[in-house]
Amino acid sequence: MREDRQMPHHPPVDESLAGFSALTRDWFGSAFSAPTNAQVGAWRAIHRGKHTLVVAPTGSGKTLAAFLAAIDRLATAAEPAPKKQRCRVLYISPLKALAADVERNLRSPLVGLQREASRAGAPMPDITVGIRTGDTPANERRRLAQSPPDILITTPESLFLLLTSQARESLRGIDTVIIDEIHAVAGTKRGAHLAVSLERLDQLLARPAQRIGLSATVDPVEEVALYLGGSAPVEIVNPPSQKVIEVSVVVPVEDLASPAPTTPSDPHAEILDDPQPDQYSIWPHVESRIVDLINEHTSTLVFANSRRLAERLTARINEIGAERAEIELHRNSAPAQLMAAAGASAGAPVTIARAHHGSVSKEQRALIEDDLKAGRIPAVVATSSLELGIDMGAVDLVIQVEAPPSVASGLQRVGRAGHQVGEVSRAAIFPKHRGDLLACAVVAEQMQQRHLEATRIPRNPLDVLAQQIVAVVSIEDEITTADLFTMVRKSAPFAALPTSAFEAVLDMLAGRYPAEGFAELRPRLIWDRTTDTLKSRPGAQRLAVTSGGTIPDRGLFGVFMVGEKASRVGELDEEMVYESRVGDVFALGATSWRIEDITHDRVLVSPAPGQPGKLPFWHGDSLGRPVEVGRALGKLTRSIATSAPDDSARELRASGLDEWAADNLIRYVKEQQEVAGHVPSDKTLVIEKFRDELGDWRVVVHSPFGARVHAPWALAIGNRIRELTGLDAQIMHADDGIVL
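Note that this is a predicted model, so its numbers are computed, not measured.

Here the focus is the pairing of strand S14 (residues 397–401). Buried residues dominate S14, accounting for 5 of its 5 residues. Going residue by residue along S14, you find Leu397, Ile399 and Val401 tucked away on one face and Val398 and Gln400 tucked away on the opposite face as well. Sheet analysis places strand S10 (residues 300–303) next to S14, joined by 4 bridges and oriented parallel. Within S14, the residue paired with Phe303 across the bridge is Gln400. For S14 and strand S15 (residues 425–430), the ladder comprises 4 bridges, and the chain directions are parallel. What sits directly across from Val401, in S15, is Phe430.

Per-residue confidence for the protein gives a mean pLDDT of 83; residues scoring 70 or more make up 87%. pLDDT under 50 marks residues 1–13. Its contacts with residues more than four places away, or in other chains, come to 39 contacts. Throughout residues 267–275 the model reports pLDDT below 50, and contacts reaching past four residues in sequence, or to other chains, amount to 1 contact.

What follows covers the packing of aromatic side chains. Evaluation of the coordinates by the stated rule reveals 7 aromatic pairs. Plain terms: the ring middles of Trp27 and Phe32 are 5.9 Å apart, the flat faces sit at 80° to each other, and that makes the pair edge-to-face. Relative accessible area serves as the criterion here: at 7%, Trp27 is assigned to the buried category. One aromatic cluster in this structure is built from Phe20, Trp27, Phe28, Phe32 and Trp43. Residue placement shows Arg529 over the ring face of Trp527; its charged tip is 4.0 Å from the ring centre. Arg602 extends its terminal NZ or CZ atom over the ring of Phe560, reaching a point 4.0 Å from the ring centre.

Ile290, Ile317, Phe586, Leu657 and Leu665 are the most contacted members of the largest nonpolar core, which totals 85 residues. Per-element accounting of this core gives the leading share, 9 residues, to helix H16 (residues 434–449). Setting aside residues up to four positions removed in sequence, Leu657 forms contacts with Val249, Leu437, Ala441, Leu652, Ala662 and Leu665. Leu163, Leu204, Ala225 and Leu228 belong to the second-largest nonpolar core, a separate cluster that totals 36 residues.

With that settled, consider the environment of Leu74. Relative to the helices and strands, Leu74 is located in helix H4 (residues 62–76). Taking the C-alpha atoms as reference, Leu74 lies 8.2 Å from Pro125; in sequence the two are 51 residues apart. Residues contacting Leu74, with those up to four places away along its chain left out, are Arg88, Val89, Pro125, Ile127, Asp150 and Ile151.

We now examine unusual backbone geometry. Residue Pro220 is reached from Asp219 by a cis peptide bond, and omega for that bond is -10°. Tracing the chain through its elements places Pro220 in the loop between strand S7 (210–215) and helix H10 (221–229). Positive phi, close to 50°, is recorded for Glu181, a residue that is not glycine. With relative accessibility at 16%, the residue Glu181 sits in the buried group. Notably, Glu402 is not glycine yet its phi reads approximately 70°, a positive angle. Mapped onto the elements, Glu402 comes out in the loop between S14 and helix H15 (407–414). Judged by relative accessible area, which is 15%, Glu402 ranks as buried.

Taken together, the 6 strands give an open sheet; going across it, the order is S9-S15-S14-S10-S13-S12, and neighbouring strands pair in parallel fashion. Every interior strand has two partners, whereas the edge strands, strand S9 (245–249) and strand S12 (353–356), have only one. Taking the axes of each pair of neighbouring strands and ignoring which way they run, one obtains an average angle of 20° across the sheet. In the sheet, S10 pairs with strand S13 (residues 379–382) via 4 bridges, with the strands oriented parallel. Bridging across to S13, Phe303 finds its partner in Ala382. Against the sheet, helix H14 (residues 362–374) contacts S10, S12 and S13, and its axis sits at roughly 145° relative to S12. Of the strands in this sheet, S9 and S15 are in contact with H16, which crosses S9 at around 165°.

Conventions adopted
Residues numbered from 1 in each chain as written. Predicted model: local features only at pLDDT ≥ 70, side-chain atom pairs only at ≥ 80, totals over all residues. Heavy atoms only, no water. Buried < 20%, exposed > 50% of the residue type's maximum accessible area, 1.4 Å probe, protein only. Helix = DSSP H or I, 4+ residues; strand = E, 2+ residues; numbered from the N terminus. Pairing = 2+ DSSP bridges. pLDDT = per-residue confidence, 0-100. Contact = heavy atoms within 4.5 Å. Phe/Tyr/Trp six-rings, centres within 6.5 Å; stacked < 30°, edge-to-face > 60°. Lys NZ or Arg CZ within 6 Å of the ring centre and 35° of its normal. Core = buried A, V, L, I, M, F, W, Y, C linked by side-chain atoms within 4.5 Å. Axes fitted to C-alpha atoms, helices over the stretch in contact; angles between N-to-C directions.

Written out as structure tokens, the structure is:
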């Protein structure tokens, strides 16, 4: 049974901290004026020993709420006798960067409690913290297995590896599992993988561990609670959000369809060259306005939806800063044929911003975050809120370039501004074109109304099931199929797993294949149908630990400093590497690097400060528009098309659009309506037929529902055309429709 608990507004500290020891109460009272509603509700449920899901916006103190309860329990409980069972708190983060930042933030309460203990003359045990991720060196992993810390910080994939090795013995003392950013994994196959790992962990323990899930605002809350608890009940702590956000949609030109010409970015370009595209583009206006906003604020986060855009935007921001400071830049004059899909930077000094994304190494990302917090740079251009450390300092403003991928991701990004309790989060969204303006307007309105996309747990992903079965059987001497089936079905993704599907997976893993085409596959386990037991075959454990997880191999080359194997700079897309040569200079993280060598799996570089170079690109950065945003976009389009312009302008300005943004959006919809007679909406699809440049017929299905709907729809259309005509149609899908 699950229940939403409405929390009182800022109750007295003594009442809310009644379940804590005197040391913890004294430290919290000296460090904070009062607990937040989320903290009060979390402590009430945690102290009752229930699985707890805490749902609250960024900056509500939910991470401290979970950890403080665990630390207080560690400080007051006797240390377990077996040395290998010392680890009692397991913190799981979806990202390695968050894991490292949490370890840093844990120092404050631990040091504070030690000071309170010394002041009171009370004994205070030495609470140790360890990190086990993919970046942990082998010798440190061995040390953690032999001498476990009190609190172990890890990732879903590293937990899977621990459970599939003898290091799992170090987990037998766990009594609390904290899953941070649970909303980021609950609706994914990666989350299904983690759910089974949590059930495997419970099988090791004398009694199931208490699970504490920490989530940003999510919908429906009950689905995430089901994911957290599996077959066990979960108490939901979901106090009314008091976070105030102010979102504005900014268009820096009067007419997005034909922006006013600007001074070209390279005024010394030869006359024989083609006209520079940025001279009649929206980008110079957007970039200049972003620099103005950065200069008006102390600390700014700029978010882009792709790594390529983040690098390009960072380069241009620094170039504009250099131009305004009258610093001479050295432009790259390489012809476009050599640059291929990459852009070019002018090698401007890093005076304003640095790029921060997953293809920049963790060491470089940490330096970039420190530069922002210390005030050495006023801005960081990032691609994901989750890749940023938890503590990014006092951020005044968030700037989003083009519509965020979803309402939930937009709220996470905006929440980075005014991150502390009680502060207002302010954000400005810049659309790239008129179609993007429509999406920006919808997302801005949905964010302020807290209308989020629905989270859905993936049901019965059999590839994940096969991985986990091989891992379980490889580490156990023997296990019955009944025990394995019962354990798997305790997790929410596999709660309705049919016996037929389970046995079909076992058949495949045991070498019983449905057709001759599978004959080359090697069986991974032995299924004794007489005793109904499973045993592993040689090499199964090695396969499990080397092939586990659901994060795909994206074909990326590691970038390393030449002569320093351990000094990782970041990573590049394989196509970018294919188009590069030894001696080329490229920008990564707003720093220039010269390629010294290219091997089969890595690029060796040396620093090239101040040198102009290519801007990198990556493929596969976007998942497509969620269907909920698509419906809202169609509804807004229909509203503008059927309303008077003055009424639409009034409503749009009330939802955060500036005057130019509102005028551009109304003009955009009305023009389409005049030309086609209809506009695609949540109730209308527009099908257009025309001849292309070669005279071939093209058909376009205009639809607002997003690529996640259009991708399977396009496959179905292609299959139907093949059945009817015998021809393979060329079909493309995007967020705004299907072309064939």
